[in-house]
Amino acid sequence: MPSDRSVPAASVPTAAGSDAGIPDRGSPDMVGPGDEHLEALTDALRRYRNAEIAMRGRSRDSMHLGRSDMTALRLLLQAGQTGRPLSPAVLARELGISTAATTVLVDRLTKSGHAERRPSPTDRRGVEIWPTATTDDEVRATMGAMHERMMSVVSVLSPEESGTIHRFLGSLGLAVSGLDFPAPAPPDGA
């Protein structure tokens, strides 16, 4: 019986379009027995991912925000740091939601004091969405401890270790983002 921890051993495209160097483990479909180190690495990735998801949920809860709201705030804060705020249309595109849903989201963030609408200085009809200073402070306080802990872990890595991990995570990200799933079957009678 295959383990739910089995992972595809197929080649993974890189940005250059070549193999990511994932060796063929003898089976075209799955990593097989004797590859405990691969299972251990996969388990470690899952544990990290689960811990990060739980932490992000706790941070959203502490700020009384939903997932889309927190993602929007992150985007607004990044844009604000560059001095180039987001318009509602750009925010909608970045979030992958409709402009109507973005209006509702921005209304929520404005009402809660996390964001504000400002007239665009370059377009009389345009509006810019900015995070409030309070939000910047709140996000820094909420996420600051996480970033400090992460930096303390990565700061002890050698440049070679850091490079290996960077390549690995980049290839893993490409492998996952490149997955296409079949469309669901239509319901019976459709």
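Relevant structure appears above.
The shown structure was predicted, so the numbers you read here are calculated from the model rather than taken from an experiment.

## Things to note about the overall build of the protein
Working step 1: Per the secondary structure count, the protein includes 6 helices and 2 strands.
Working step 2: In the protein, the succession of helices and strands from N to C terminus is α-α-α-α-β-β-α-α.
Working step 3: Out of the 190 residues in the protein, the part that is buried amounts to 23%.
Working step 4: Contacts in the protein between residues at least 24 apart in sequence constitute 45% of all its contacts with a sequence separation of at least 6.

## A look at the side chain of Glu128
Working step 1: Within the secondary structure, Glu128 is located in strand 2 (residues 127–131).
Working step 2: Within the buried core, Glu128 has no salt-bridge partner, and the shortest N-O distance to an opposite charge, that of Arg118, equals 5.9 Å.
Working step 3: At 3.0 Å, the side chain of Glu128 forms a polar contact with the side chain of Trp130.
Working step 4: Beyond its immediate chain neighbours, meaning those up to four positions away, Glu128 contacts Pro85, Leu86, Glu116, Arg117, Arg118, Pro119, Ser120 and Pro121.

## Observations concerning the pairing of strand 2
Working step 1: For strand 2, the tally of buried residues reaches 4 of 5 residues, placing the bulk of the element in the interior.
Working step 2: For strand 1 (residues 115–119) and strand 2, the ladder comprises 5 bridges, and the chain directions are antiparallel. For Arg117, the partnering residue across the bridge sits in strand 2 and is Ile129.

## As for a nonpolar patch on the surface
Working step 1: On the surface, a cluster of nonpolar side chains totalling about 730 Å² of accessible area is made up of Leu41, Ile165, Phe168, Leu169, Leu172, Val176, Leu179 and Phe181.
Working step 2: With 5 residues, the top contributor of residues to the nonpolar patch is helix 6 (residues 159–177).
Working step 3: With respect to the helices and strands, the residue Leu179 is situated in the segment after helix 6.

## As for helix 1 (residues 36–63)
Working step 1: Along its 28 residues, helix 1 runs 40 Å from first to last C-alpha, staying within 8% of the 40 Å computed at 1.5 Å per residue.
Working step 2: Listing the buried residues of helix 1 in full gives Leu38, Thr42, Asp43, Met55, Gly57, Ser59, Arg60 and Met63.
Working step 3: Here the buried face of helix 1 lies against helix 2 (67–82) and helix 5 (133–154).
Working step 4: Taken from the residues just after helix 1, His64 is the one with a positive phi, measuring 60 degrees.

## Re the packing of helix 2 against helix 4 (residues 99–111)
Working step 1: Axis separation between helix 2 and helix 4 bottoms out at 11 Å; the angle between their running directions is 80 degrees. Judged by the inter-axis angle, helix 2 sits roughly perpendicular to helix 4. Across the interface between the two elements, Ser68, Asp69, Ala72, Leu73 and Leu76 from helix 2 touch Leu105, Arg108 and Leu109 from helix 4.
Working step 2: Looking at the contact of helix 2 with helix 4, its residues break down into 5 nonpolar, 1 polar and 2 charged.

## Regarding the side chain of Thr102
Working step 1: You can see Thr102 is positioned in helix 4.
Working step 2: Residue Thr102 is classed as buried on the basis of its relative accessible area, which comes to 1%.
Working step 3: Filtering out sequence-adjacent residues up to four positions away, Thr102 remains in contact with Pro88, Leu91, Ala92 and Ile97.

## Thoughts on the environment of Asp107
Working step 1: For Asp107, the location among the structural elements is in helix 4.
Working step 2: A relative accessible area of 37% places Asp107 in the partly exposed class.
Working step 3: Side-chain polar atoms of Asp107 contact the side chain of Arg117, separated by 2.6 Å.

Reading the values: rules and limits
- Residues numbered from 1 in each chain as written.
- Predicted model: local features only at pLDDT ≥ 70, side-chain atom pairs only at ≥ 80, totals over all residues.
- Heavy atoms only, no water.
- Helix = DSSP H or I, 4+ residues; strand = E, 2+ residues; numbered from the N terminus.
- Buried < 20%, exposed > 50% of the residue type's maximum accessible area, 1.4 Å probe, protein only.
- Contact = heavy atoms within 4.5 Å.
- Lys, Arg positive; Asp, Glu negative; His and termini not counted.
- Salt bridge = Lys/Arg side-chain N within 4 Å of Asp/Glu carboxyl O.
- Polar contact = N/O pair within 3.5 Å; in protein donor to acceptor, adjacent residues only side chain to side chain.
- Pairing = 2+ DSSP bridges.
- Patch = residues over 30% accessible without salt bridge, like charges linked within 9 Å, V, L, I, M, F, W, Y side chains within 5 Å.
- Areas by Shrake-Rupley, 256 points an atom, 1.4 Å probe, with all protein chains shown as cover.
- Expected span 1.5 Å × (residues − 1).
- Axes fitted to C-alpha atoms, helices over the stretch in contact; angles between N-to-C directions.
- Parallel < 35°, antiparallel > 145°, perpendicular 65-115°, else oblique.
- Nonpolar A, V, L, I, M, F, W, Y, C, P; charged D, E, K, R; others polar.

Remember that the coordinates give geometry; whether it matters functionally is a separate question.
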